[in-house]
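The primary structure of each chain is shown beneath.
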Amino acid sequence: MMPELCDAGLNAIEAYHSDHGAEDTELYLELARRYGLMVTGGSDFHGTPKPEVQLGTGCAGNLHLPDDLLEKVERR
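Residues numbered from 1 in each chain as written. Predicted model: local features only at pLDDT ≥ 70, side-chain atom pairs only at ≥ 80, totals over all residues. Heavy atoms only, no water.

(A) Seen up close, the environment of F45. One can find F45 in the loop between β2 (38-42) and β3 (53-54). Note on F45: relative accessible area 38%, which makes it partly exposed. Once the C-alpha coordinates of F45 and S18 are considered, the two residues, 27 residues apart in sequence, prove to be 9.3 Å apart. If we ignore the near neighbours within four places in the chain, the residues touching F45 are V53, Q54 and L55. (Helix = DSSP H or I, 4+ residues; strand = E, 2+ residues; numbered from the N terminus. Buried < 20%, exposed > 50% of the residue type's maximum accessible area, 1.4 Å probe, protein only. Contact = heavy atoms within 4.5 Å.)

The following block contains the structure:
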């Protein structure tokens, strides 16, 4: 399915997410490498509807983004 998504305009994948375990993150990073996609990350913060999710850190501080992630996105 990835080739079709990329052909349709997919240019990034959210590899870092507060719901992803280490294996999930590695899978998405590998897909990004294989298909030349930008890597993004998010805490899934939605404010009041999800009070257990903190902005930028996810649930219980489990989201850790590489320091250079924003720089890489800005360069693209």
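(B) The arrangement of the side chain of T25 in detail. Among the structural elements, T25 can be located in helix α2 (residues 22-35). Within polar-contact distance, the side chain of T25 engages the backbone oxygen of A15 at 3.3 Å. If we ignore the near neighbours within four places in the chain, the residues touching T25 are A15, Y16 and H20. (Polar contact = N/O pair within 3.5 Å; in protein donor to acceptor, adjacent residues only side chain to side chain.)

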